[in-house]
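# Commentary on secondary and tertiary structure
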2 protein chains.
Amino acid sequence: MTDLPPKTPITQVTTGPLPASEKIFQPGMLHPELRVPMRRIALHPSADEPPVTVYDCSGPYTDPAAHIAIDAGLSRIREGWVAGRDATQTYAGRVVQAADNGFATGAQLTPEYTQRHLPRRARAGQAITQLAQARAGIVTPEMEFVAIRENLGRQALAQSVRDGESFGAAIPDHVTPEFVRDEIARGRAVIPANINHPELEPAIIGRNFLVKINANIGNSAVTSSMAEEVEKMVWAIRWGADTVMDLSTGRNIHNIREWIIRNAPVPIGTVPLYQALEKVGGVAEDLSWDIFRDTLIEQAEQGVDYFTIHAGLRLAHIPLTVDRVTGIVSRGGSIMAKWCLHHHRESFLYTHFAEICDIMRAYDVTFSLGDGLRPGSIADANDAAQFAELETLGQLTRIAWDHDCQVMIEGPGHVPMHKIRENMTKQLEVCDEAPFYTLGPLTTDIAPGYDHITSGIGAAMIGWFGTAMLCYVTPKEHLGLPDRDDVKTGVITYKIAAHAADLAKGHPAAQIRDDALSRARFQFRWQDQFNLSLDPDTARAFHDETLPKEAHKLAHFCSMCGPKFCSMKISHDIRDAARAEAGMAGMAQKYRDGGDLYMPAAAKA
Amino acid sequence: MTDLPPKTPITQVTTGPLPASEKIFQPGMLHPELRVPMRRIALHPSADEPPVTVYDCSGPYTDPAAHIAIDAGLSRIREGWVAGRDATQTYAGRVVQAADNGFATGAQLTPEYTQRHLPRRARAGQAITQLAQARAGIVTPEMEFVAIRENLGRQALAQSVRDGESFGAAIPDHVTPEFVRDEIARGRAVIPANINHPELEPAIIGRNFLVKINANIGNSAVTSSMAEEVEKMVWAIRWGADTVMDLSTGRNIHNIREWIIRNAPVPIGTVPLYQALEKVGGVAEDLSWDIFRDTLIEQAEQGVDYFTIHAGLRLAHIPLTVDRVTGIVSRGGSIMAKWCLHHHRESFLYTHFAEICDIMRAYDVTFSLGDGLRPGSIADANDAAQFAELETLGQLTRIAWDHDCQVMIEGPGHVPMHKIRENMTKQLEVCDEAPFYTLGPLTTDIAPGYDHITSGIGAAMIGWFGTAMLCYVTPKEHLGLPDRDDVKTGVITYKIAAHAADLAKGHPAAQIRDDALSRARFQFRWQDQFNLSLDPDTARAFHDETLPKEAHKLAHFCSMCGPKFCSMKISHDIRDAARAEAGMAGMAQKYRDGGDLYMPAAAKA
């Protein structure tokens with residue numbers, strides 16, 4: 001935000017498939033026009049194994065067949081789905097104002113997007129949200145899309161070994177469109193999908209589905225190219241971000257967001273309060289319902305898929321924070337607390353909550369109810385302020401559901417390991433299983449520079465316990481703006497956390513990739529090992545640092561242990577003998593059962 | 001081990017204190033000659049807080065008052081403690097053989113250490129181990145040393161808030177020498193302290209003490225300077241490695257180890273099997289008890305503090321591994337399995353276990369009973385092979401205890417989150433609470449290049465559940481030899497895991513550092529925040545990337561959110577108003593208790 005070093009402009013966004021990967025598409029049954037993308041990773045012929053299909057949120061950017069031009073935007077694949085319902089209508093929409101871009105002009109102004117589509121909203125009396133349709137028994141194209149997507153191309157795994165501890169989640173062997181509909185109808189999952197974001201490839205967020213991750217991006221203080229802003233999103237989804245939050249502040253918020261959304265295949269989230277605050281010159285006390293309301297409509301018309309709304313922070317909660325070690329650490333929370341204290345009244349987010357619901361409902365913007373009082377230190381974890389707000393979020397959840405709105409609940413923060421489970425349990429209880437969306441949590445405060453790790457530990461655990469989406473933390477957390485490498489590190493760390501959680505919950509397909517990679521490792525198929533990893537480039541580069549030659553890609557060792565001490569090589573060497581020995585398995589059992597045929601000398605002595 | 005790129009020789013080891021840190025020493029009460037080192041981190045005067053004292057395993061290298069010369073070695077502080085007992089005697093010792101250094105000669109031969117001290121061993125009939133002395137009711141200097149060390153200079157915290165879930169551990173408010181003695185006598189903790197390693201600053205490993213971490217180092221295939229080998233150890237302990245394992249293979253093992261031990265203030269561990277295998281030209285089948293026994297004595301005389309011994313791998317266990325996805329992944333395990341199958345008999349480690357105990361006992365070398373059958377993939381976690389071996393390790397533990405030997409038990413490996421707890425529970429049960437020493441565990445297989453993180457998650461959890469020492473994993477795991485940066489990343493990641501575990505277990509002093517850092521964060525004392533962090537250099541560098549000026553070290557914001565959106569700044573701005581509001585705390589309570597004085601418009605509608 002302040003005196004950042006100038007950056008090299010990025011003229012092109014990153015495109016092209018990941019190594020050995022092909023984008024495949026699966027059609028729908030109910031909605032045959034669907035083309036659900038997946039990434040298929042080919043293995044070396046010597047593996048004699050089918051390719052491995054993995055979840056793919058990278059959009060057309062990794063599809064060589066797609067023509068990418070950010071001034072044209074992505075294909076509007078959902079346009080027909082939405083328009084076909086005839087429950088919505090286009091309209092002229094709000095006129096863009098100078099304040100929307102912070103009064104930037106001339107060279108300071110990010111150009112408007114190249115084209116403008118009329119915004120669309122629900123016709124009067126029509127309930128168009130995924131929740132409303134699910135309740136009405138309708139399986140939308142979005143619902144079938146995510147059902148296919150979650151299955152990763154596999155058929156029902158009736159025969160699969162189901163392992164894991166899901167803490168009461170109900171993950172099916174095979175995800176059907178009807179299961180998706182049911183989960184959404186119950187409020188236990190959401191598909192953030194604004195009807196004005198037709199470029200979206202829908203994704204589902206709920207505890208009975210694959211754990212998702214979010215990456216935050218934001219504009220820089222220096223005027224940067226539109227391509228650079230779009231590239232931040234493209235880069236994050238390339239490595240696995242399921243959703244992206246645009247947390248831009250300063251000037252050009254409106255125009256940059258338009259460039260991002262028109263090129264975004266993933267749900268885009270925002271905190272509308274940030275833009276509203278810019279509109280009042282950064283003076284929190286000057287915020288008003290009118291300005292906020294106008295900002296909601298502005299962003300809803302653009303196609304933002306979910307809004308963080310800090311409506312749960314009540315005036316009465318603020319005194320509970322005064323003795324905290326780190327006070328209020330949520331930006332939105334601190335802004336609203338300041339407003340509440342200044343005016344000495346409940347926030348307009350709380351008092352106008354029903355009207356907010358009406359707006360969200362007209363566009364199907366999903367609520368992400370913000371935790372303005374999340375703990376910012378180990379000392380403040382699970383305190384009265386945090387849990388008081390969480391209870392209010394539970395009340396607001398029911399109100400939003402009454403308005404047919406989809407809801408997620410945001411969660412902490414800084415929480416030591418032994419207090420993580422309580423967060424999840426309490427959230428499930430007071431919010432009726434609405435999807436939990438947590439930041440970390442960070443399990444210690446003492447490692448700035450490594451908070452992707454302090455939080456990755458907590459994220460894996462809370463994901464296991466039931467959190468549906470994990471908001472990433474980068475190594476720069478608490479210290480500064482993340483750069484490109486930090487974003488990638490944050491995303492990969494959170495993919496690890498989410499996948500570790502899927503494994504532990506017993507997701508029926510999660511272990512397929514682990515097993516394929518481990519077989520590749522054991523068989524010294526180095527290329528396959530790289531290609532199956534979350535970050536093939538880094539895995540390969542690390543290997544090649546010490547063994548750069550192509551021939552080493554077939555070597556039955558690596559530089560870590562060298563050829564003589566490679567346990568896997570030795571393990572292969574002895575396999576035949578071990579199998580012969582297995583003929584003695586009956587005897588082996590006998591030994592294990594306490595047999596002492598081979599009494600050690602020690603025991604005899 | 002093969003064609004590594006040449007490295008720049010390191011002519012000097014890293015010395016000097018960490019930022020704002022001073023080394024202080026505390027004397028003993030029972031043993032007034034003790035000088036127990038701690039690191040005291042000074043805070044900015046504006047903090048108006050006492051300095052924070054933290055555990056310090058970095059040795060004299062971070063003490064500006066110490067004269068460091070690796071050819072002279074560290075002060076032999078324990079020499080008097082050991083000799084004073086009169087239960088040991090010096091003797092001529094084993095003659096170094098050409099095979100000990102892999103027959104290296106001339107320029108290929110790492111020079112012998114500059115001086116030779118006669119080795120020392122127990123007199124006939126004398127039981128000199130820490131375990132034997134503890135059982136005899138003796139509080140050794142080592143025991144008092146670690147008691148003082150664990151308390152971090154604080155007095156008894158009778159008034160401290162004890163938080164956390166320790167899963168049955170019994171962590172005292174204040175560690176007394178008598179408590180240490182008792183824990184050692186029960187076998188629940190060890191002080192690895194070979195009587196031939198007088199340079200050692202003793203550390204304790206047990207579930208009722210601070211969680212410790214180990215870093216592995218090893219020589220390079222290229223002939224490197226002695227300083228470079230010593231530097232690897234110095235670098236690892238600078239960042240927090242409590243023990244270091246020298247896993248060198250190839251030539252010069254003996255001489256390099258001598259340089260390391262003479263300069264090591266931390267316990268040094270080895271896997272003697274690696275050197276024994278070198279002595280038989282890498283042919284596992286040619287290993288014999290005689291060669292192994294000779295290697296144990298060679299290393300015990302040098303002062304190695306703990307030996308990994310894979311004695312739990314029995315012939316009958318091997319067939320249990322044939323259907324594994326990744327077979328046997330422990331180097332030692334695969335070597336011994338090969339030997340067992342070739343000779344079709346139990347390993348000499350198992351059949352000669354009592355004799356091994358006798359050797360360990362004479363020098364007080366601690367057992368680290370190796371898990372040769374640890375799982376190398378998620379698919380193989382907690383399988384029959386792994387647990388069969390663990391049960392054998394439990395039997396061997398009791399035999400070793402009968403011989404007055406200290407024992408740790410090594411653990412996995414690759415384990416998904418939901419199977420971690422079972423490892424710990426079973427280990428506590430079958431090994432009678434002997435300290436568990438685990439590698440990771442890695443919670444997924446799919447992220448080579450990031451296995452410090454996949455394993456850091458598992459390490460934090462198993463540390464919480466009761467593991468006493470965590471063996472680090474670097475980003476290069478599975479891919480190649482770690483370099484200097486990888487070692488640091490691995491150590492810091494594991495310090496995070498160990499500290500997160502200490503917090504969650506409810507260690508009474510663990511949160512002191514978190515609280516001090518969080519207060520510094522909230523008060524914008526940037527220098528204090530850096531200085532209190534596990535890696536001050538990285539924290540500062542990350543901050544300075546975007547805000548390099550000295551003035552920014554006093555700024556009430558960072559580049560992450562900028563001045564307008566800094567929640568902590570706003571939080572300060574509103575503190576007075578919030579405190580006034582706190583006068584309404586009674587009313588606040590009323591609202592939280594279901595009060596609806598401010599019924600939202602939504603609810604009314």
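Parameters at a glance
Residues numbered from 1 in each chain as written. Chains lettered and ligands numbered in written order. Predicted model: local features only at pLDDT ≥ 70, side-chain atom pairs only at ≥ 80, totals over all residues. Heavy atoms only, no water. Buried < 20%, exposed > 50% of the residue type's maximum accessible area, 1.4 Å probe, protein only. Helix = DSSP H or I, 4+ residues; strand = E, 2+ residues; numbered from the N terminus. Contact = heavy atoms within 4.5 Å. Expected span 1.5 Å × (residues − 1). Pairing = 2+ DSSP bridges. Axes fitted to C-alpha atoms, helices over the stretch in contact; angles between N-to-C directions. UniProt positions renumbered as here; feature names shortened; annotations may be inferred. Domains from an automatic or database assignment. Polar contact = N/O pair within 3.5 Å; in protein donor to acceptor, adjacent residues only side chain to side chain. Salt bridge = Lys/Arg side-chain N within 4 Å of Asp/Glu carboxyl O. Nonpolar A, V, L, I, M, F, W, Y, C, P; charged D, E, K, R; others polar. Phe/Tyr/Trp six-rings, centres within 6.5 Å; stacked < 30°, edge-to-face > 60°. Lys NZ or Arg CZ within 6 Å of the ring centre and 35° of its normal.

As a further point, take helix α3 (residues 141–151) of chain B. Residue and element names in this part refer to chain B. The buried fraction of α3 is high, at 11 of 11 residues. Buried residues along α3 sit against β1 (21–26), β2 (36–41), α1 (79–84), α2 (130–135), α4 (177–185) and β8 (212–217). A positive phi of about 55° marks Leu-152, the residue just after α3.

Our focus in this paragraph is helix α8 (residues 289–302) of chain B. Residue and element names in this part refer to chain B. Compared with the 20 Å implied by 1.5 Å per residue over 14 residues, the 20 Å span of α8 between its first and last C-alpha is a close match. What α8 keeps buried is the set Trp-289, Phe-292, Thr-295, Leu-296, Ile-297, Glu-298, Gln-299, Ala-300, Glu-301 and Gln-302. Among the structural elements, α6 (253–262), β10 (268–270), α7 (272–279), β11 (306–309), α10 (348–351) and α11 (353–363) are those in contact with the buried residues of α8. Directly after α8, the chain includes Gly-303, whose backbone phi takes a positive value near 115°.

What follows concerns the sheet that holds strand β11 (residues 306–309) of chain A. All names here are of chain A. If you trace the 8 strands once around the closed barrel, you get β8-β9-β10-β11-β12-β13-β14-β15, paired in parallel fashion. Geometrically, the sheet is characterised by an average inter-axis angle of 25° between neighbouring strands, direction not taken into account. Two elements, β11 and strand β12 (residues 366–369), share 4 bridges in a ladder whose sense is parallel. Residue Tyr-306 lies in a different strand from β12, and its bridge partner there is Thr-366. The strands that helix α11 (residues 353–363) touches are β11 and β12; relative to β12, the one it contacts most, it runs at about 140°.

Moving on to the UniProt feature "domain: ThiC-associated" (unreviewed entry) in chain A. UniProt tags residues 17–88 of chain A as "domain: ThiC-associated" (unreviewed entry). Across residues 17–88 of chain A one finds 8% helix and 22% strand; the C-alpha atoms that close the span lie 36 Å apart.

Structurally, chain A comprises domain 1 (1–152 + 169–523) and domain 2 (569–604). Each of domain 1 of chain A and domain 2 of chain A has a C-alpha centre, and the two are 53 Å apart.

Here we take up the side chain of Asn214(B). Residues and elements named next belong to chain B. Note that Asn-214 resides in strand β8. The exposure class assigned to Asn-214 is buried, which follows from its relative accessible area of 0%. Of the polar contacts made by the side chain of Asn-214, one reaches the side chain of Asn-216; its length is 2.9 Å. A distance of 3.0 Å separates polar atoms of two side chains, one belonging to Asn-214 and the other to Tyr-437. Setting aside residues up to four positions removed in sequence, Asn-214 forms contacts with Thr-243, Val-244, Met-245, Tyr-306, Tyr-437, Met-469, Leu-470, Cys-471 and Tyr-472.

Listed by partner, the interface residues are 143 residues for chain A and 144 residues for chain B. At the boundary of chain A with chain B, the tally comes to 8 salt bridges. Measuring nitrogen to oxygen at the nearest pair gives 3.6 Å for the salt bridge that ties Arg579(B) to Asp323(A). Run the count over chain A and chain B and you get 30 residue pairs in polar contact (both at pLDDT 80 or more). Each residue belonging to the side of chain A that touches chain B can be placed in one class, and the counts come to 73 nonpolar, 38 polar and 32 charged.

Bringing the packing of aromatic side chains into the picture now. The final tally for this structure, using the stated rule, is 26 aromatic pairs over all chains. Their ring planes at 55° and their centres at 5.6 Å tell us that Phe179(A) and Phe209(A) sit as a pair that is tilted. You can see Phe179(A) sitting in helix α4 (residues 177–185) and its partner Phe209(A) sitting in the loop between β7 (205–206) and β8 (212–217), a full 30 residues away along the chain. Accessibility classification places Phe179(A) together with Phe209(A) in one group, the buried group. The structure contains a cluster of three or more aromatic residues connected by ring pairs, namely Trp289(A), Phe292(A), Trp339(A) and Phe348(A). Cation over ring: Arg238(B) sits above Trp239(B), and NZ or CZ is 5.9 Å from the ring centre.

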